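As a plain string of letters, each chain reads:
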Amino acid sequence: ESYVFKDINFNIPLGKSIAITGPSGCGKSTFINLISGLYTPTSGEIRISGFPFQNSKVITPNNDIWQESISLVMQDIYYDHGKIKDLFSDNRFDFDKNKILNCLDKVSLKEKIISLPNKLDTNLSDARVKFSGGQLQRLTLARIFFKNKEILLLDEVASALDEKTKGIILDN
C-alpha cells in the first residue's frame with residue numbers, strides 16, 4: 001500500500017507556529033485538510049488536545065469547538081456571490097465598518113475597496129470588478145484578521161503575492 005502519511009505524531013504548543021514545508025505534491029495541502037477536518041483519515045485517528053477528532057466536536061483549551069476556532073486559507077480562492085462586507089460577518093445586518101477597513105488596510109487593500117463605486121457593498125460577482133489572485137488572497141487574509149480565530153491554517157497563502165506585499169502582510 002502507498003500512504004501519503006504514516007505514523008505521524010506531533011504536538012503544537014498553544015500559541016506557537018509551525019510550518020509544513022516540502023516539494024510540490026508531497027501532501028502539505030492534504031495535511032491541512034486532515035487537521036482542519038475537511039478530510040477524514042482512511043485509517044488511524046487525529047487527536048486534538050488528547051481527544052479523538054470526530055465530527056468536529058473536539059473542544060479546544062479555550063472551550064471552543066475545534067472547527068469553529070479555525071481560520072483556513074487555501075491556495076485557490078473563489079468568491080462568486082455576496083458583497084465584500086458579507087465576507088466579514090456571519091450576521092449580514094451588523095458589521096463593524098471601521099474594523100473591516102482596518103483589516104483591509106493591514107493587507108494593502110483598503111484603497112482598492114474604497115475606490116470601488118459601491119465600496120464594501122460591491123458584489124463579488126460584479127463583472128466590472130476584477131480581482132487578481134493576489135487581491136483575492138489579501139481579501140481572505142483581511143477576513144482572517146477580522147475573525148481573529150484561535151487557530152490559523154494557511155496553505156500557500158502568499159502564492160499569488162509579490163514580495164513587497166508579502167512583507168507588509170507578515171509585518172501585520
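Above this text is the structure in question.
All of these numbers come straight from a predicted model, not from anything done at the bench.

J.: Describe unusual backbone geometry, with residues and values.
T.: One can expect most non-glycine residues to show negative phi and most peptide bonds to be in trans. A positive phi angle is found at Ser108, which is not glycine, with a value near 55°. Topologically, Ser108 is positioned in the loop between α2 (97-106) and α3 (110-115). For Ser108, a relative accessible area of 35% corresponds to the partly exposed category. The residue Lys119 is not glycine, and still its phi comes out positive at about 45°. Following the sequence through the fold, Lys119 ends up in the loop between α3 and α4 (133-147). Judged by relative accessible area, which is 40%, Lys119 ranks as partly exposed.

J.: An account of the packing of aromatic side chains is needed here, citing residue identities and associated values.
T.: Summed over the entire model, instances satisfying the criterion amount to two aromatic pairs. Between the aromatic rings of Phe5 and Phe31, the centroid separation amounts to 5.9 Å while the plane-to-plane angle is 65°, which identifies the pairing as edge-to-face. Of the two residues, Phe5 sits in the segment before α1 (28-36) while Phe31 sits in helix α1, which places them 26 residues apart along the sequence. Measuring from centroid to centroid gives 5.5 Å for Phe88 and Phe146, while their planes differ by 80°, and the two rings are edge-to-face. A residue pair is termed long-range when its members are at least 10 positions apart, and Phe88 in the loop between β3 (70-73) and α2 and Phe146 in helix α4 qualify at 58 residues. Note on Phe146: relative accessible area 12%, which makes it buried. Taking NZ or CZ as reference, Lys99 lies 4.6 Å from the ring centre of Phe146, over its face. The cationic tip of Lys106 hangs over the ring face of Phe145; the distance from NZ or CZ to the ring centre is 5.6 Å.

J.: Please provide a residue-by-residue account of the pattern of salt bridges, values included.
T.: As enumerated under the stated definition, the model contains one salt bridge in all. Of the charged contacts in the structure, one is a salt bridge between Asp121 and Lys85, with a shortest N-O distance of 2.9 Å. Highlighted residues: Asp121 in the loop between α3 and α4 and Lys85 in the loop between β3 and α2, separated in sequence by 36 residues. Classification of Lys85 as buried rests on a relative accessible area of 16%.

Criteria and cut-off values
Counting from 1, residues in each chain are numbered in the order their sequence is written. Reporting of local features is limited, given that this is a predicted model, to residues whose pLDDT is at least 70; pairs of side-chain atoms are given and counted only at 80 or more, and all residues count toward the totals for whole chains, interfaces and linings. Working from all heavy atoms in the structure, the side-chain values ignore hydrogens and water. A run of H or I in DSSP counts as a helix once it spans at least four residues, and a run of E counts as a strand once it spans at least two, with each numbered from the N terminus. When a residue's accessible area, from a 1.4 Å probe over protein chains only, is under 20% of the maximum for its type it is buried; when over 50% it is exposed; and in between it is partly exposed. Classification of ring pairs rests on two measures: the distance between centres of Phe, Tyr or Trp rings, Trp counted by its six-membered ring, which must be within 6.5 Å, and the angle between planes, read as stacked under 30 degrees, edge-to-face over 60 and tilted in between. Cation placement over rings: the criterion is NZ of Lys or CZ of Arg within 6 Å of the ring centroid and within 35° of the ring normal. Should a side-chain nitrogen of Lys or Arg be within 4 Å of a carboxyl oxygen of Asp or Glu, the pair is scored as a salt bridge.

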